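# Summary of the model geometry
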Amino acid sequence: MSATLIDGKAYAARLRARVADRVAQLVPQAGQAPGLAVVLVGHDPASEVYVRSKGKQAVEAGMKSFEHRLPATTPEHELLDLIARLNADTQVHGILVQLPLPDHLDARAVINAIAPHKDVDGFHISNVGMVGTGQDAIVPCTPLGCMMMLRDYHSDFRGKTALVIGHSNVVGKPMARLLLNADCTVMVAHKHSTNIPELARMADILVVAAGVPGLVKGDWIKPGATVIDVGINRVDADTPGKTRLVGDVDFDAAAKVAGAITPVPGGVGPMTIACLLANTLSAYCHQHGLEDAPLLHDEQDS
Ligand code: GUN
C-alpha cells in the first residue's frame, strides 16, 4: 500500500471532543444543554443500531437525547403530530427521523414537517435548496464528514476534478453540491451511467456511495487521487457463517494507486454521527443566539 490512510475514526474522536468541550463552555451561558430528538419508526435492525449510537454519543458530548420509538404501523398523522410537538419543544434543538421509513409513510412529507432550523440531517427542502445555491445551511452529515476529511488533503479545491458515484439524496447529491460550491469540476455517476471507469480515471477526488461491494477497481483510480469510500456492505467472510464489512472500493488494489484513501470500517462511518453532533450544536447556538464557532477544522491535520 502506498496511499496515506485517512483515519476517520481518529477524525471523529477529535471532532466529538471539540463538540463536547464547546457544549461544556456554552451550557452555563444558555442555561440548558443541547437536545437531540431521534425518531425511529419500526424495527429495522441497522436503524436500531444507528439510533442507539446517536443517542449514546449525544449524551457523551453533554447533550440531552430524546428517543422516540414508534411501532411500524404508526399512522402518518401521529408521526406528524410528534414532529409538531418536537418543533415546539424548547428542550429540543435538533430533530432526526431515521430513514428508511415504513412504506406507508411519505418520507418527503415527514422530513419537510421538521422545522428547518432543527433539521440536523439537512434533508429539509429549504436546507437542500440553500446548500444547492451555495448559502449557509445545515449540511447532511455524511457529505459534511467527507468534506472535512477532504479539506486536509486539498487546501484548494479549485481546478480539481471530482467524481461522485451514487446520486442519493442522503449522500451523492449533497456531496456533489458541496464539491461544486468548493469550485471543483464535478461529475456525478450512478447506476445508469455507462462509462464510470473512464470518468473515475479523470478524478483527483473520488467519492463512492453506490452500495455495491468492491465496485471500484484499482485500475479505475487516477494515480495520487484522494478516494473516499462511503460504502458499508456486509458480505460473507472466508470463515463459514461469519460476515465482514467492506466498502464500495477494492481497497487493497486502490491503495496501491491512490494518494490517500479511507478504509471500511473506520473511514467515513464514524464521521457521520460526529457531524450530527456538530450540526446539533450549531442548531443550538443559532437558537440561543450564541456564536457558532467553526468546529469542523481539524487542527491536528492542518
Ligand atoms: N439512514 C441512513 N443514513 C441516514 C442519515 O444520515 N440520517 C437519517 N435520518 N437516516 C439515515
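Note that the structure is a prediction, hence the values are computed from the model and not measured.

Criteria and cut-off values
Residues numbered from 1 in each chain as written. Predicted model: local features only at pLDDT ≥ 70, side-chain atom pairs only at ≥ 80, totals over all residues. Heavy atoms only, no water. 1 Å grid on protein atoms, 1.4 Å probe; cavity = no way out; pocket = protein on both sides within 12 Å on 5 of 7 lines; lining within 4 Å. Points joined across faces, edges and corners; volume = space filled by probe spheres on them. Helix = DSSP H or I, 4+ residues; strand = E, 2+ residues; numbered from the N terminus. Nonpolar A, V, L, I, M, F, W, Y, C, P; charged D, E, K, R; others polar. Near = heavy atom within 4 Å. Polar contact = N/O pair within 3.5 Å; in protein donor to acceptor, adjacent residues only side chain to side chain. Areas by Shrake-Rupley, 256 points an atom, 1.4 Å probe, with all protein chains shown as cover. Contact = heavy atoms within 4.5 Å. Pairing = 2+ DSSP bridges. Axes fitted to C-alpha atoms, helices over the stretch in contact; angles between N-to-C directions. Buried < 20%, exposed > 50% of the residue type's maximum accessible area, 1.4 Å probe, protein only. Core = buried A, V, L, I, M, F, W, Y, C linked by side-chain atoms within 4.5 Å. Salt bridge = Lys/Arg side-chain N within 4 Å of Asp/Glu carboxyl O.

## Side note on the layout of surface pockets
Over the atoms rolls a probe the size of a water molecule, and in doing so it shows where empty space is left. What the largest pocket holds in volume is close to 1,300 Å³. In terms of lining, the largest pocket is formed by 43 residues, of which the most central are Tyr50, Gln98, Thr142, Ile232 and Thr272. At the level of elements, α2 (45-60), β4 (94-97), α6 (141-153), β9 (233-236) and α10 (268-288) are the ones that each hand at least two residues to the lining of the largest pocket. Of the residues in the lining of the largest pocket, the class split is 24 nonpolar, twelve polar and seven charged.

## Some words on the site of the ligand
For the ligand, the full set of nearby residues is Leu96, Val97, Gln98, Leu99, Asp121 and Phe123. One nitrogen or oxygen atom from the main chain of leucine 99 is found 2.9 Å from a nitrogen atom belonging to the ligand. A distance of 2.6 Å separates a nitrogen atom of the ligand from a polar side-chain atom of aspartate 121. Relative to its unbound accessible surface of 280 Å², the ligand loses 79% to contact with the protein.

## Topic: the side chain of asparagine 127
Mapped onto the fold, asparagine 127 is located in helix α5 (residues 125-132). Discounting chain neighbours no more than four positions away, the residues touching asparagine 127 are Pro116, Asp119, Gly122, Ala137 and Ile138.

## What to know about the sheet that holds strand β11 (residues 260-261)
One open sheet holds the six strands; their spatial order is β1-β11-β8-β7-β5-β6, and the pairing between them is parallel. Taken across any chain shown, the strands that pair with only one partner, and hence form the sheet edges, are β1 (4-5) and β6 (185-189). Across four bridges, strand β5 (residues 161-165) lies against strand β7 (residues 205-208) in parallel orientation. Looking across to β7, one finds that alanine 162 is bridged to isoleucine 205. On top of the sheet, α6 reaches β1, β7, β8 (226-229) and β11; it is set at about 165° to β8, its chief contact. Along the sheet, helix α7 (residues 172-181) makes contact with β5, β6 and β7, crossing β5 at roughly 170°.

## So, α7
For α7, every residue scored as buried is listed here: Gly172, Pro174, Met175, Ala176, Leu178 and Leu179. In the core, the buried residues of α7 are packed alongside α5, α6, β5, β6 and β7. Count one or two residues on from α7 and you reach aspartate 183, which has phi positive near 75°.

## Some details on the nonpolar core
Soluble globular proteins tend to pack their nonpolar side chains together in the buried interior. Core analysis: the largest hydrophobic core is formed by 55 residues, its most contacted members being Leu15, Val19, Leu150, Leu179, Val207 and Leu281. The greatest single-element share of this core, amounting to eleven residues, is contributed by α10. Other than its neighbours up to four places away in sequence, leucine 281 contacts Val19, Arg22, Val23, Leu26, Met63 and Leu295. Listed in part, the 21 residues of the second largest apolar core include Ala189, Ala200, Val208 and Ala255.

## Points about unusual backbone geometry
A cis amide bond, omega 5°, links leucine 99 with the succeeding residue proline 100. Positionally, proline 100 belongs in the loop between β4 and α4 (107-113). Of note, the bond from valine 264 into proline 265 is cis; its omega dihedral lies within 30 degrees of zero at 0°. For proline 265, the position within the fold is in the loop between β11 and α10.

## Digging into the pattern of salt bridges
Scanning the entire structure with this criterion turns up five salt bridges. A salt bridge links lysine 222 to aspartate 204; the nearest nitrogen and oxygen atoms lie 2.8 Å apart. Highlighted residues: lysine 222 in the loop between β7 and β8 and aspartate 204 in the loop between α8 (196-200) and β7, separated in sequence by 18 residues. On the basis of relative accessible area, aspartate 204 is assigned to the buried category, the value being 17%.

## Regarding the sheet that holds strand β3 (residues 64-70)
Pairing within the open sheet is parallel, and its three strands lie in the order β3-β2-β4. The two strands at the open ends of the sheet, each matched to only one other strand, are β3 and β4. The sheet shows a mean angle of 15° between the axes of neighbouring strands, taken without regard to direction. Looking at chain direction, strand β2 (residues 35-41) and β4 are connected through four bridges and run parallel. Of the residues in β4, the one forming a bridge with alanine 37 is isoleucine 95. Contacting β2, β3 and β4, α2 crosses the sheet at an angle of about 160° to β3. Across the sheet, helix α3 (residues 76-88) touches β2, β3 and β4, and the angle it forms with β2 is around 175°.

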